[in-house]
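Observations on the three-dimensional arrangement
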Amino acid sequence: MESDNQKKKDFPIFKFTIAVIIVSIILVIMVMQMIGGVGPSTGQKSMAIDALSNAVKLVNPDGEVRVQNFVLKKGVVVDNVDLAMRTDLDEGSFIFFTNNVLPDVESRGGICFEYKGSQKEVILSARVVCKSSAGELEMVLKKVSNEFPEVDIDVDLCDDGLVCCAIIPLEGN
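Residues numbered from 1 in each chain as written. Predicted model: local features only at pLDDT ≥ 70, side-chain atom pairs only at ≥ 80, totals over all residues. Heavy atoms only, no water.

Inspection of every chain in the model, using the stated rule, returns seven salt bridges. In this structure, Glu-114 engages Arg-108 in a salt bridge whose closest nitrogen and oxygen atoms are separated by 2.8 Å. In this structure Glu-114 comes out as buried when scored by relative accessible area, which is 11%. Measuring nitrogen to oxygen at the nearest pair gives 4.0 Å for the salt bridge that ties Lys-116 to Glu-114. Since its relative accessible area comes to 42%, Lys-116 is described here as partly exposed. Here the residues in one salt-bridge network are Glu-106, Arg-108, Glu-114 and Lys-116, joined through shared partners. (Salt bridge = Lys/Arg side-chain N within 4 Å of Asp/Glu carboxyl O. Buried < 20%, exposed > 50% of the residue type's maximum accessible area, 1.4 Å probe, protein only.)

Let's shift gears to the confidence of the model for the protein chain. Mean pLDDT for the protein chain: 80, with 82% of residues reaching 70 or above. The secondary structure element of the protein chain with the lowest average pLDDT is strand S9 (residues 151-152), at 70, and the one with the highest is helix H3 (residues 80-86), at 92. Across residues 36-43, where pLDDT falls below 50, the model places 10 contacts with residues more than four positions away in sequence or in other chains. (pLDDT = per-residue confidence, 0-100. Helix = DSSP H or I, 4+ residues; strand = E, 2+ residues; numbered from the N terminus. Contact = heavy atoms within 4.5 Å.)

Spatial ordering of the open sheet is given by S3-S7-S6, a layout of three strands whose pairing is antiparallel. The sheet is open, and its two borders are formed by strand S3 (77-79) and strand S6 (105-107), each paired with just one other strand. Between one strand and the next, the sheet's axes are offset by a mean angle of 20°, whatever the strand orientation. (Pairing = 2+ DSSP bridges. Axes fitted to C-alpha atoms, helices over the stretch in contact; angles between N-to-C directions.)

Attention shifts here to the nonpolar core. Membership of the largest hydrophobic core comes to 29 residues, with the highest contact counts inside it found for Leu-52, Leu-72 and Val-128. Sorting the residues of this core by element identifies helix H2 (48-59), strand S2 (63-73), H3, strand S4 (94-96), strand S7 (112-115), strand S8 (121-131) and strand S10 (164-171) as the ones contributing at least two each. Here this core gets seven residues from one element, more than from any other, and that element is H2. Contact partners of Val-128, with chain neighbours within four places excluded, come to Leu-52, Ala-55, Val-56, Val-59, Gly-63, Glu-64, Val-65, Val-67, Ala-166 and Ile-167. (Core = buried A, V, L, I, M, F, W, Y, C linked by side-chain atoms within 4.5 Å.)

Pairing is mixed in the open sheet, where five strands are placed in the order S1-S2-S8-S10-S4. The strands lining the two open edges of the sheet, one partner per strand, are strand S1 (46-47) and S4. In this structure, S1 lies alongside S2, joined through two bridges in parallel fashion. Bridging from a neighbouring strand, Met-47 pairs with Val-71 of S2. Set on the sheet, H2 makes contact with S1, S2, S4, S8 and S10; between it and S2 the angle comes to about 170°. On the sheet, helix H4 (residues 134-147) packs against S2, S4, S8 and S10 and is oriented at approximately 135° with respect to S8.

Glancing now at the pairing of S8. Put simply, side chains in a regular strand alternate between the two faces of the sheet. Across the 11 residues of S8, nine count as buried, placing the element largely inside the fold. Relative to S8, S2 runs antiparallel, the two being bridged by nine bridges. Residue pairing in the sheet places Val-71 in a bridge with Ile-123 of S8. As defined by bridge partners, S8 adjoins S10 across eight bridges and the pair is classed as antiparallel. Each bridged residue has a counterpart across the sheet, and for Cys-130 the counterpart in S10 is Cys-165.

Rendered as structure tokens:
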């Protein structure tokens, strides 16, 4: 039978191990939700504005992430104002690109995109790239143009002096 002294020594180690496991599980769940890998508790896909704003928060001010499947409903516009309200960035910090593979997802002047297809919604993914300036983002977009030649990157970039985030719609999986 273990002595009381031995039990007292083992108890803090046990508590610490349980705490590490719980914190690890919470962190994994939070990161998966931010990048859109885990939908809401109902098992549904994330809505476009939720998935994109979480991705921007994750990579701001300098990084990039592939946002997995999210829903863009017909007639719903996701724009720079929506993202500015949900993040700590300004309206002038966002640029939305078009993707010729997705003709029903339209971008208007780089400030938004909208699904105009015949279905009630479309499942998309996206690449979100944020850099601390428009010049830095432009260098990254040159690389993106090689990876995704169907993406039209011939638009003006973000306002001067602001963090600049590109939202590039891609086909959902």
